[in-house]
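Architecture at a glance
Chain residues, written in single-letter form:
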Amino acid sequence: MKLLVVDDSNIVRSRIARVVQSGALGEVTLIGLARNGEEALRAARQAAPDVVTMDLTMPEMDGLACIPALLTLHPKTRILVISALDDKSTAIRALRLGAHGFLPKPFSDDSLRLALAGLLEHQR
């Protein structure tokens, strides 16, 4: 499984990468870290991700714009939105655009592992 992490916060990107690289999720390979939707689309064109963690609020291209663009490139990619926006309407909008799950910030390592494991189960 190939994972792409998309978040404008270096701290959040590093934390997700650390959890994935700890081996807690089994055979998941981190294929890239992107700071915004533009970088995410470039990375997705180079190495089709199976799973993407996606922030919603980012400069240049936000998550709500990136989700449908990413799914146009790779329709089978599963997207977990990780966002501080705990506004239910925004989460619902992301899910309607094609995201497969939502994890609010701040999150624990355990809740991240569980959310990603759930998406990976559906991917296999």
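Everything in this summary refers to the structure shown in the same document.

About the criteria used
Residues numbered from 1 in each chain as written. Predicted model: local features only at pLDDT ≥ 70, side-chain atom pairs only at ≥ 80, totals over all residues. Heavy atoms only, no water. Core = buried A, V, L, I, M, F, W, Y, C linked by side-chain atoms within 4.5 Å. Buried < 20%, exposed > 50% of the residue type's maximum accessible area, 1.4 Å probe, protein only. Helix = DSSP H or I, 4+ residues; strand = E, 2+ residues; numbered from the N terminus. Contact = heavy atoms within 4.5 Å. Phe/Tyr/Trp six-rings, centres within 6.5 Å; stacked < 30°, edge-to-face > 60°. Lys NZ or Arg CZ within 6 Å of the ring centre and 35° of its normal. Arc of directions from axis to C-beta. Polar contact = N/O pair within 3.5 Å; in protein donor to acceptor, adjacent residues only side chain to side chain. Salt bridge = Lys/Arg side-chain N within 4 Å of Asp/Glu carboxyl O. Pairing = 2+ DSSP bridges. Right-handed = clockwise from strand over helix to strand, strands pointing away.

**Regarding the nonpolar core**
Soluble globular proteins: nonpolar side chains tend toward being buried together. Counting 21 residues, the largest nonpolar core has Val-6, Met-54, Ile-67 and Ile-79 as the members making the most contacts within it. When residues of this core are assigned to their parent elements, the largest contribution, five residues, is made by helix H3 (residues 63-73). If sequence neighbours within four positions are ignored, Met-54 has contacts with Val-6, Gly-63, Cys-66, Ile-67, Leu-70, Ile-79, Leu-80, Val-81 and Ile-82. Ranked by size, the runner-up nonpolar core spans 17 residues in total, among them Leu-3, Val-12, Val-19 and Leu-80.

**Section: the packing of aromatic side chains**
Each aromatic ring pair is specified by the distance between its two centres and by the angle formed by the two planes. What the rule picks out here adds up to zero aromatic pairs. When the ring centre of Phe-107 is taken as reference, the NZ or CZ atom of Arg-15 above it lies at 4.5 Å.

**So, H3**
Helical geometry: 3.6 residues make up each α-helical turn, so side chains three or four residues apart lie on a common side. For H3, the set of buried residues is Gly-63, Leu-64, Cys-66, Ile-67, Leu-70 and Leu-71. One face of H3 carries all of its buried residues, which in axial projection span an arc of 155°. Each element contacted by the buried residues of H3 is listed here: helix H2 (37-46), strand E3 (51-54), strand E4 (78-83) and helix H4 (88-96). N-cap assignment for H3: the residue whose side-chain oxygen lies 3.2 Å from the backbone N of Leu-64 is Asp-62.

**Quick word on the pattern of salt bridges**
Under the counting rule described, the total for this entry stands at six salt bridges. Here Lys-105 makes a salt bridge to Asp-55, at a shortest N to O gap of 3.5 Å. With Lys-105 in the loop between strand E5 (101-104) and helix H5 (109-123) and Asp-55 in the loop between E3 and H3, this residue pair connects regions lying 50 residues apart in the sequence. In this structure, Lys-105 and Asp-55 share a single accessibility class: buried. Within the structure, one salt-bridge network assembled from shared partners comprises Asp-7, Asp-55 and Lys-105.

**A few points about the pairing of E3**
Burial along E3 is two-sided: the residues Val-51 and Thr-53 and Val-52 and Met-54 are all buried. Pairing between strand E1 (residues 2-6) and E3: four bridges, direction parallel. When the bridges of E3 are listed, Val-5 appears paired with Thr-53. Sheet analysis places E3 next to E4, joined by four bridges and oriented parallel. Pairing of Val-52 across the sheet is with Ile-79, part of E4. For the handedness criterion, the β-α-β arrangement of E3, H3 and E4 is classed as right-handed.

**Side note on the environment of Val-81**
With respect to the element layout, Val-81 can be found in strand E4. Look at Val-81 and you get buried, because its relative accessible area is 1%. Along the chain, Val-81 and Leu-4 lie 77 residues apart, while their C-alpha atoms are 12 Å from each other.

**With respect to the side chain of Asn-36**
Along the chain, Asn-36 falls in the loop between strand E2 (29-34) and H2. Taking relative accessible area as the criterion, Asn-36 reaches 3% and is therefore assigned buried. In terms of polar contacts, Asn-36 uses its side chain to reach the backbone amide nitrogen of Glu-38, at 2.9 Å. Residues contacting Asn-36, with those up to four places away along its chain left out, are Val-6, Met-58, Pro-59, Glu-60 and Met-61.

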